[in-house]
Amino acid sequence: MLAASISDEVINRLSERGKLKVIARSSISALAGYDLSIVEIARPLGVQYVLHGVLCRNGTTPTLTAELSD
């Protein structure tokens, strides 16, 4: 639930920037769970960049690692 909330917040903030076209989280949820490369994700969605990340918890401290791929 926390990861979905963070995803929504990142998508909302990126979409507020006029120069970026951002697709909805629901558009990529169909690809979740598959072992796909960044290219295999980006191509059917028609996107140039993919922001992907991992949310981990070390005790009570959450850590978010994100990477923007072209």
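Residues numbered from 1 in each chain as written. Predicted model: local features only at pLDDT ≥ 70, side-chain atom pairs only at ≥ 80, totals over all residues. Heavy atoms only, no water.

This part covers the layout of surface pockets. Size it by volume and the largest pocket reaches roughly 1,300 Å³. Taken together, 36 residues make up the lining of the largest pocket; nearest its centre are Ile 11, Ile 28, Val 50, Leu 51 and His 52. At the level of secondary structure, the elements contributing two or more residues to the lining of the largest pocket comprise helix H1 (2-15), helix H2 (25-29), helix H3 (38-45), strand S1 (50-58) and strand S2 (61-69). Here the lining of the largest pocket is composed, by residue class, of 26 nonpolar, seven polar and three charged. (1 Å grid on protein atoms, 1.4 Å probe; cavity = no way out; pocket = protein on both sides within 12 Å on 5 of 7 lines; lining within 4 Å. Points joined across faces, edges and corners; volume = space filled by probe spheres on them. Helix = DSSP H or I, 4+ residues; strand = E, 2+ residues; numbered from the N terminus. Nonpolar A, V, L, I, M, F, W, Y, C, P; charged D, E, K, R; others polar.)

As defined by bridge partners, S1 adjoins S2 across nine bridges and the pair is classed as antiparallel. Looking at the pairing, Val 54 lines up with Thr 65 of S2. The hairpin formed by S1 and S2 contains two residues between the paired strands, and Gly 59 there has a positive phi angle of roughly 70°. (Pairing = 2+ DSSP bridges.)

With that out of the way, let us pick up the environment of Leu 31. Along the chain, Leu 31 turns up in the loop between H2 and H3. Overall, Leu 31 belongs to the partly exposed group, its relative accessible area being 24%. Taking the C-alpha atoms as reference, Leu 31 lies 7.3 Å from Ile 41; in sequence the two are ten residues apart. When sequence neighbours within four positions are dropped, the list of residues in contact with Leu 31 reads Leu 36, Ile 41 and Leu 45. (Buried < 20%, exposed > 50% of the residue type's maximum accessible area, 1.4 Å probe, protein only. Contact = heavy atoms within 4.5 Å.)

Summarising the element assignment, Ser 69 is placed in strand S2. Within the local environment of Ser 69, its side chain forms a polar contact with the side chain of His 52, the two groups lying 3.0 Å apart. With sequence-adjacent residues up to four places away left out, Ser 69 is seen in contact with Ile 38, Gln 48, Tyr 49, Val 50 and His 52. (Polar contact = N/O pair within 3.5 Å; in protein donor to acceptor, adjacent residues only side chain to side chain.)

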